[in-house]
Structures are given as structure tokens and as C-alpha cells.
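The primary structure of each chain is shown beneath.
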Amino acid sequence: MKGKIVATLFGMPFFAVGVWMLWSISSGLIDAWEMRAWVQVDARLTRAGYETHAGDDSDSHEAYAEYSYSFGGERFTGTRVTIASGADNIGDYQRETGRRLQAALASGGHIVVFVDPEAPDSAIIDPNLRWGLIGFKSIFLLVFGGFGLGLIIFVWRSAPEKDADLPEYRESPWLLNDAWQTPEVRSSSKATMRGALAFAAFWNLISAPLPFLLYEEVTQKENYLALVGLLFPLVGIGLLAWAMKRVFEWRRFGPAPVTLDPFPGSIGGHVGGTIDLNIPFDPDARFEITLNNLHSYVSGSGKNRSRKESAEWQDSMVAFAEPGLKGTRLTFRFDVPTGLDPSDTEHDDSYYLWRLNLRGELAGTDLDRSYDIPVYATASTSRRLPERAIEKARSAQNLVDDQSVAEVVAIRTNGMGKLMHYPMGRHLSSSLGGILVGAIFAGAGWYLMVHEGQTVFGGVFGLVGALVGLFCLYLVSNSLQVSKQAAEVTSVRRILGIPVARQQMHQNSLVRIKKKSTMKTQSGGKHTVFYSVLGVDSEGNEILLGEGFKGESEARAAIRMIIRELGLQDLAIGDEDTEDDNAFGVLN
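All figures in this text were calculated on a predicted structure; none of them were measured in a lab. (Residues numbered from 1 in each chain as written. Predicted model: local features only at pLDDT ≥ 70, side-chain atom pairs only at ≥ 80, totals over all residues. Heavy atoms only, no water.)

Draft legend 1. Inspection of the sheet that holds strand E13 (residues 327–335) at higher detail. Strand order in this open sheet of five strands is E6-E7-E9-E13-E12, and the pairing throughout is antiparallel. Looking along the sheet, the strands with just one partner apiece sit at the ends: strand E6 (184–185) and strand E12 (320–324). Against the sheet, helix H8 (residues 387–408) contacts E12 and E13, and its axis sits at roughly 80° relative to E13. (Pairing = 2+ DSSP bridges. Helix = DSSP H or I, 4+ residues; strand = E, 2+ residues; numbered from the N terminus. Contact = heavy atoms within 4.5 Å. Axes fitted to C-alpha atoms, helices over the stretch in contact; angles between N-to-C directions.)

Structural data, given as C-alpha cells:
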């Protein structure tokens, strides 16, 4: 209850702004409707012009006037100029009106006003609505009022908080989450669609007046730099396209929940299940499922606080597809190692979650779904998933992984033995983007130091940019060569073809081969964990045998390839954090 009260108090000021704007717009519309019956009367100006009010960011203006008129044999005075009172800077209406009235005053002061015949002491110079001002106020009505009202409704419609100390929740903590009451878990697609539509609407409402404001800046003031402001409505168009893409995806595939088996998913056991899609079965369609163990945390402080996600573990597989009751049924199952963090039901500054990503490239709208699922250390296995489907899915994934590894590694045989070459440019696309970002940061740092005298601030920018750029240059320019000649395994690192590091180990010294996560990337909601493969001797010394493999399944394929090509069949297979020979799971 305390949380609901706090959230309500937070939302009330936003809702109050919306109510105020609703009253302002409504009163203006009512006044304009009633003024249709007002009559025109000659009047004489006694004072006219406009006032300028200086603000921190911009100036606002307000037209004013004093005039006198006669109606029904009586003399009246008035000061009302427009329907909306107060100063503003929406367009040039206030200054133009003030100038027009000043010109009329200088020409003798003769003007026409509109008088209420039922209350002759009420008069106005311009009874017309200003649609630009109404549109501007509507933005505040919809954005602020909508946010405040939506927050209040959401808070009071949400289910009451559950007591985590009750016995049923201590034994089954996933039941604290209302979305995890049954094995059927819905995706976040509908919420994402609504969020995309709301954000696109918010952005476009905010940026809609910009083209009209920029027109004056460019045509009258010749401020061509203001054209940069057109980026905001262009971004709005992009956001609207993204939102419509989410709408089309939802309309085509529907809810498509995942039914977990076992429930909940199991650390040290299986995470598996089925997904029924509302599309006809196509034997040529391929659906990829990725399972992520993510750490969500808040970094920074004060205004610089932001939430980030980091992938702690990841595996992928091609789902087995077959005809189903709704059209197409997907079946999948992952073998999850021990030692990983379970799902957290309380989402504070730092928590762990498990997420399934389902993707399929299809004719028309592609399938893209994410499911936050419960996974706990129950060591349970699936009971109802057919082994035939799992084996076919695993075989399909092995084929995909073998092809991916073959694209990373070039294998050659010479007179001395086998050679595996990991060429330069393996991370070309991501590295070029990083080099560009690093150059921008470094350039900004240089400008701040040289032209603005900001030595410390500019130095930090420049240092960050240089480090990012150098790291990405290393990624794109380094190569790795692993060879076995006689019984010696050799690993040589090169930069631009120049050897910079060399490792060597006798085959008989190797006792174990393991994988190790070395880099993590994120693009939107998609996470990628890159793995290296290392050989380990009895004293714990390591030699690098391969790198740049995406996800657990590709790393397993790389181990199969390395064992086969280097003749290391007798080695145990372990994980980066354990000596258990079976820590890597099944390699076939």
C-alpha cells in the first residue's frame, strides 16, 4: 500500500497539469462557440502594443490594448484582445497582433470589436481560435495528463503485494510473480507494442510544432543551423515505423505463449517447452531460440543513473518445428549447467533474470518474441517433450554451429601438421562502429581542450575515445594462428601480420580443454556472449586454441572441431569455472 501511495503522489502533479490544460482548452472552445453570437461594434483604441517577457531559454510576448465603445446607448471600455490570455511564443501571433494594433492606434485608433449583446461590458478584438496554441496545449494534456492518469490507474489496478515470508512462497518463490502461476508464460510483445506506440506518439507530439517554428527561423531570420531541429520529426517518423512493425508482428503471430517443461525451468537440469504459432507450418522455415541468464543493474549516480543488462550465460538452438493445433508447434530444450543465478522476483537496483528470445525470418513480418521465464536450481528435467524432437533440434543446431565455426576458422594442412587460422577482420562491422565512436569522443575532447580550455573534461573525453578506438583497432587488425606440429601445439598472436605473442605446449602436457567468455555485446534487447577455447595443463597453465565463438552451442562446436583437427580426443572437457569433466554438457 505504501508503494501505491508514493506512486500516486508522484503521478498527481502530472495528472494535474493535464487537468489544467484540459480546462484551458475546453474554456477556450466554449468561449469561441458562444462568441459566434457576439455582434461587431466600432471602437477606438487608447493604448496598444505588445510586451516582452524575458525567460531563461527564450522570450515570450503578449499583445495588449485598451479601447472604448458604445452599445445600447451606453459607453464601455475593454482590454481583452484574444480568447487565450497570457504571454506565449507559439509562432509570431502576439507580436503581429501587437504591431497591427499599434498601427491602428497611430492611424486614428479605429477598430472593430465583438461585443456580447447579453453582457455588453464583455468585448474582444479577436474571437478566433489559435489552433497552434491549442495543439501545443494538447501536447501537455496528452503527455503529462496521460502519463499521470495512466500511472495512477496502473498502480491501483495492479495486484496487491505478496508476503514472501509465507511458506508457499518460500518453497516456490516464482509464485510471487503473477505471470508465473502456470507453465504457460506470455511474451513481452504486447507490452512492447503498446510501449512503442506510446513512445512514438509522445515523441511526435513533442516534435510536431518544430517544422512550423523552424520555418520562421530559416525564412525570416536566416538561421540555417536551425534545420538541425528537423532531425527530431525525422526520428519521430522512424519511431512510428518501429511501432507499426511491432503492431504487424503482434497481429500476425498473436500471443504465442511458451509452455515450460519442466516448470519452472531448472538450473542443473532442463529449460524446455513448446510454443504454438498461428501460422501455417512451413518445413523450410527456421526458428532460433536463445536462452540468456542476465544481470540487470543500475550504474552511475544522481542524474547519470541508468539501468543496464549483462549476459552471464547464453545458449542457442534451432527449435524443432512441426504441424500443430494452431498451425506450427516449436519444441526446444536446453541443458543448463549448475552455478548460475536463479530468477529474482523483486526487481531492485540489482537482480537476475532468465530470458528466452525467439526469432524467425519469414516472408513478410519476421517473428521476434522475448519471454522472461522462471528458472531455479531445482535440477528438474523435462517429462513430456519428445526425445525425437529434441534430437532433431540438436542436430539442426549442430549443423548451424559447424557452419558458423567454419566461417571463423580457416583450416589448412601442410607437411608438418594441421594449422588453424583466425584471420584479421573477424569483427569488422562492430569494430568500424567502435572506431567511429572513439574518433567522435577523441575529437570532442580535443575541441574542448584546445578551443574551450576544458582541460580535465576534454582530457577525459579524449582518453575514453582513444581507448575505445585503440581497442576496436586491435579487434579488427589482430589474427590468431594455432598449429600442431609433431606433438607441439603452438598459438601465435599477430597484429597486422606481425607476431606479438607466442604460446607453446606439448600435447602430452594438456589435460583439459575449456571455454571462457571473453566479450559481451548488446544490440537493443539482443545479447551476444563471445567465447574463447583454451587448453590447460596439469599445473593450470593455459594456451589459447580458438576465439570469437558466439554462445555456448557455437563454443561446443568449436571444441569438437579443435579436438578433431588437433587430435586431442583424450582430453577432458571442462568449464571456465569448474574442473568437472562434464561441465560443458553434451558435445555431440
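Draft legend 2. Here's a closer look at the environment of arginine 307. Structurally, arginine 307 is set in strand E11 (residues 306–318). For arginine 307, a relative accessible area of 41% gives the class partly exposed. In this structure the C-alpha to C-alpha distance between arginine 307 and alanine 196, which are 111 residues apart in sequence, comes to 19 Å. Other than its neighbours up to four places away in sequence, arginine 307 contacts Ser296, Tyr297, Val298, Asp348, Asp349 and Tyr351. Engagement of the side chain of arginine 307 in a polar contact is seen with the side chain of serine 296, the distance being 2.8 Å. (Buried < 20%, exposed > 50% of the residue type's maximum accessible area, 1.4 Å probe, protein only. Polar contact = N/O pair within 3.5 Å; in protein donor to acceptor, adjacent residues only side chain to side chain.)

Draft legend 3. Structural view of a positive patch on the surface. The grouping of Arg186, Lys190, Arg194 and Lys326 at the surface amounts to a positive patch. With respect to the helices and strands, arginine 186 occurs in the loop between E6 and helix H5 (189–207). (Patch = residues over 30% accessible without salt bridge, like charges linked within 9 Å, V, L, I, M, F, W, Y side chains within 5 Å. Areas by Shrake-Rupley, 256 points an atom, 1.4 Å probe, with all protein chains shown as cover. Salt bridge = Lys/Arg side-chain N within 4 Å of Asp/Glu carboxyl O. Lys, Arg positive; Asp, Glu negative; His and termini not counted. Charge placed at Lys NZ, Arg CZ, Asp CG, Glu CD.)

Draft legend 4. Representation of the packing of aromatic side chains within the structure. Evaluated as defined, the whole model comprises 17 aromatic pairs. Aromatic pair phenylalanine 136 and phenylalanine 140: ring centres 5.2 Å apart, planes at 65°, arrangement edge-to-face. Placement of both phenylalanine 136 and phenylalanine 140 in helix H3 (residues 131–157) is noted, with a separation of four residues, approximately one turn of the helix. Ring plane angle 20° and centroid distance 5.9 Å describe the contact between tryptophan 203 and phenylalanine 232, whose orientation is recorded as stacked. (Phe/Tyr/Trp six-rings, centres within 6.5 Å; stacked < 30°, edge-to-face > 60°.)

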